[in-house]
Amino acid sequence: MSKAIENRIDTIFVHVTDLERSVRWYSELLGLEVREGKRNGPIYTLNMGDGRPGITLDNHCFDKDYSFIPSNQPLFNLSATDINEAFIHVTNIGAEIVTDIITYPDLAEFSIKDPDGNIIMVCTCFS
């Protein structure tokens, strides 16, 4: 069978209204350095590590008819080694908490909102 589309994800797009604010917020959330230079938009990609999809923040500044609508369900999940430490971190950076920590037999998770109201889940999987 021909394989016209690769079986991988290269980047996850997160639609934002203020690229600079979002770059700073996501970088602080993930403990990443902000790359130097002026960002006129429309995108900034956060490197999530070799072989992993990036997170591309997109402010659609060149799309005249674009209307922003935040996601009302998690766009993706981020991994945390310690769910309690992750919860303290997001609280310390002022993230809006959507759900407190919920623990299941095989994982624990909580959800937060980014500055634009997009929902992101944070998970710890138990081995």
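Keep in mind that this is a model prediction, so the values were computed, not measured.

**A word on the packing of aromatic side chains**
Part 1: All told, the structure shown has 2 aromatic pairs when counted by the stated rule.
Part 2: Ring plane angle 80 degrees and centroid distance 4.9 Å describe the contact between tryptophan 25 and tyrosine 26, whose orientation is recorded as edge-to-face.
Part 3: For tryptophan 25, a relative accessible area of 10% puts it in the buried group.
Part 4: Where phenylalanine 87 meets phenylalanine 110, the ring centres are 5.0 Å apart and the plane angle is 85 degrees; that geometry is what we call edge-to-face. One end of the pair, phenylalanine 87, is in helix α2 (residues 83-92); the other, phenylalanine 110, is in strand β6 (residues 107-113), and 23 residues separate them in sequence. This pair shows no difference in class: phenylalanine 87 is buried, exactly as phenylalanine 110 is.
Part 5: It is arginine 35 that lies over the ring of tyrosine 44; its NZ or CZ is 4.1 Å from the centre.

**Here we look at the sheet that holds strand β1 (residues 11-15)**
Part 1: Here 3 strands make up an open sheet; going across it, the order is β1-β3-β2 and the pairing mixed. Each edge of the open sheet carries a strand with a single partner, namely β1 and β2 (43-46). Within this sheet the neighbouring strands show an average axis-to-axis angle of 25 degrees, counted without direction.
Part 2: With 5 bridges connecting them, β1 and strand β3 (residues 54-58) associate as parallel partners. The residue of β3 that forms the bridge with threonine 11 is glycine 54.
Part 3: With respect to the sheet, helix α1 (residues 19-30) is in contact with β1, β2 and β3, its orientation differing from that of β2 by roughly 5 degrees.

**Quick notes on α2**
Part 1: Along α2, the residues classified as buried are Ile83, Ala86, Phe87 and Val90. Buried residues of α2 fall within an arc of 100 degrees about the axis and therefore sit on the same side. Residues of α2 that are exposed and point more than 90 degrees away from the buried face comprise Glu85, Ile88 and Asn92.
Part 2: Looking at the packing, one finds that the buried side of α2 touches α1, β5 (96-103), β6 and β7 (119-125).
Part 3: Looking one or two residues beyond α2, the residue adopting positive phi is glycine 94, at roughly 85 degrees.

So, how was this worked out
Residues numbered from 1 in each chain as written. Predicted model: local features only at pLDDT ≥ 70, side-chain atom pairs only at ≥ 80, totals over all residues. Heavy atoms only, no water. Phe/Tyr/Trp six-rings, centres within 6.5 Å; stacked < 30°, edge-to-face > 60°. Buried < 20%, exposed > 50% of the residue type's maximum accessible area, 1.4 Å probe, protein only. Helix = DSSP H or I, 4+ residues; strand = E, 2+ residues; numbered from the N terminus. Lys NZ or Arg CZ within 6 Å of the ring centre and 35° of its normal. Pairing = 2+ DSSP bridges. Axes fitted to C-alpha atoms, helices over the stretch in contact; angles between N-to-C directions. Contact = heavy atoms within 4.5 Å. Arc of directions from axis to C-beta.

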